[in-house]
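Coordinate inspection notes
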Amino acid sequence: MPAQPHIAILGAGPGGYVAAIRAAQLGARVSVVEAQALGGVCLNWGCIPSKALLAVVELGDKVKKAAAMGLHVNGPVTYDLSQMVARKNQMVTGLVKGIATLFKAWDIEYVEGRGVLQDRHRLRVILKDGAEQSMSADAIIIATGSSWPDLPQFPIDGRQILTSQQLLDLTAIPRRLLIIGGGVEGCEFGALYSGLGTEVTIVELMDRILPLEDADVSSTMSRELKKRNVTVITGTTVERLNRQERTVSAHLKDGATVEAEVLLVSVGRGLNSREIGLEAVGVQTGRRGEILVNAQMETSVSGIYAIGDVTGKAMLAHMASAQGKVAVEHIMGHPTAMQYDVVPAGIFTLPEIGRVGLTEAQARERTEKDDAPNGGLKIGRFRYMALGKAQAAGDTTGFCKVIADAHSGKILGVHIVGAHAADLIHEAALAMQLGATVSQVANMIHAHPTLAEGLMEAAEDAEDKAIHHVKKQVG
């Protein structure tokens, strides 16, 4: 590798642009090829835009509770979705410009076009105007991400049957919304649009919404969505659609029919690994099209790396960023490896969800051969209702749950539902990263009054020492 290697990156999402900046910091010459927009799906059509809209609904929820707290606001809460979307777009534009400014500051070349691998050191770039150019590099990082799948049974038309990207740009609030898929995206949009006053129905194939989350989290969120007048239908799927001029009807496998003005397809994403030259170069992929990588994010072809959604790992923006840093540091000769056991995540429903590590079911499966009582686990729980800060703020819905190994005290997983859960989870993630035991978290002094005390009390409860729990009955 030369003293100043040239690194070419395909994609400028949270994986690609972070990798580019880290590479420049380490002294590399960097070129980034992006076919759509700086920041990728996350910044332009995903994580950030949806949170901008959810923030308005969350504020509206607080205003609705204000009178009970002594704050009187004249008139009902109303939403101007057109203005909300305009604010969202303005915010996204500013953040995209921020990345462009960083690229300029670090002298990163930005090429608007689509890159195709020619060999392990050369790319063909199809520019937006149709012209082509060749690019050579000492190392290549593929960060092409994922996209909305093309499903024949759900023909996206941009009018009645929408992707989340299209739903984020609606400027009129629909009366009825049907969401196919009760995963993270489906539940977030269910919370958003029910808050706007839309009649929302969520249809989920599995026996519960958020099927990959801890069962306690799933049941709590199902209850909270129902409180928001969301109809949750699980254990079935859509067999056929019937589109009329103003509505679309979904005929379910269980015989029911759901009618709505707008249908959101939220059933996963496809990996962007096609038509980028992988086969010609010999980069190996898995059965779903995921690019296979090692712990340093290097593919089967030396000098070609892959990061983010296209690797088939968890589709998290921050994981893509972490993978990008690992790939670049390996290219630049620094010893490094990607670790996946401590990756916090947030789900921005109302209330929020934060989680890190194993669910209770996963932890029990791991310890099922252990002869210790309670399956080799100790589990602590603490409700927001018992927190002074939550009472003061009027945010008493939720809980903290800590799962630990009964023998070593090692924390295996933490799950939080409630206000600021996606922020609070990082204390648990840091504790796990540093190898702290559940006793050490319980014994750490937490400031009062804070929501973070809930994690301390849950850790204490795992040790049967929670102060603000009613005494457990023995026998």
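Residues numbered from 1 in each chain as written. Predicted model: local features only at pLDDT ≥ 70, side-chain atom pairs only at ≥ 80, totals over all residues. Heavy atoms only, no water.

**Overview of the sheet that holds strand 22 (residues 411–417)**
Note: strands within a sheet are paired through backbone hydrogen bonds, in either parallel or antiparallel orientation. Strand order in the open sheet formed by five strands is 18-19-22-21-20, and the pairing between neighbours is antiparallel. The open sheet has two edge strands, strand 18 (345–347) and strand 20 (377–383), and neither has a second partner. Adjacent strand axes in the sheet meet at a mean angle of 15° when their direction is disregarded. Judged from the three bridges that link them, strand 18 and strand 19 (residues 353–357) form a sheet pairing that is antiparallel. Paired with Gly 346 across the two strands is Gly 354, which belongs to strand 19. On the sheet, helix 12 (residues 421–433) packs against strand 18, strand 19 and strand 22 and is oriented at approximately 15° with respect to strand 19. (Pairing = 2+ DSSP bridges. Helix = DSSP H or I, 4+ residues; strand = E, 2+ residues; numbered from the N terminus. Axes fitted to C-alpha atoms, helices over the stretch in contact; angles between N-to-C directions. Contact = heavy atoms within 4.5 Å.)

**Things to note about the packing of helix 3 (residues 47–64) against helix 4 (residues 81–105)**
Geometry of a packed helix pair, given as the angle between the helix axes and the separation of the axes. The geometry of helix 3 relative to helix 4 is characterised by a closest axis approach of 9 Å and an angle of 140° between their N-to-C directions. For the element pair helix 3 / helix 4, the angle class is oblique. Here the hand of the crossing between helix 3 and helix 4 comes out right-handed. Counted together, Ile 48, Pro 49, Ala 52, Leu 53 and Val 56 of helix 3 and Met 84, Val 85, Arg 87, Lys 88, Met 91, Val 92 and Leu 95 of helix 4 form the full contact between these two elements. (Parallel < 35°, antiparallel > 145°, perpendicular 65-115°, else oblique. Left-handed = near helix turned anticlockwise from the far one by under 90°.)

**A look at the pattern of salt bridges**
Opposite charge on two side chains makes pairing possible when the charged atoms of those side chains draw close. Within this structure, the stated rule accounts for 25 salt bridges. Salt-bridge contacts for Glu 188 lead to Lys 51; the nearest nitrogen and oxygen are separated by 3.4 Å. Here Glu 188, found in helix 6 (residues 184–195), pairs with Lys 51, found in helix 3; they are 137 residues apart in sequence, far enough to count as distant. Asp 61 is the partner of Arg 228 in a salt bridge, and the nearest nitrogen-oxygen pair spans 3.0 Å. Here Arg 228, found in the loop between helix 7 (215–227) and strand 11 (231–234), pairs with Asp 61, found in helix 3; they are 167 residues apart in sequence, far enough to count as distant. Where salt bridges share partners, they join Asp 214, Asp 216, Glu 360, Arg 364, Arg 381 and Lys 401 into one cluster. (Salt bridge = Lys/Arg side-chain N within 4 Å of Asp/Glu carboxyl O.)

**Section: the sheet that holds strand 12 (residues 238–243)**
Strand order in the open sheet formed by three strands is 12-13-14, and the pairing between neighbours is antiparallel. Of all the strands in the sheet, just strand 12 and strand 14 (257–260) have a single pairing partner and so form its edges. With direction set aside, neighbouring strand axes in the sheet form an average angle of 20°. The sheet contact formed by strand 12 and strand 13 (residues 248–252) spans five bridges and is antiparallel. When the sheet's bridge partners are listed, Leu 241 is paired in strand 13 with Ala 250.

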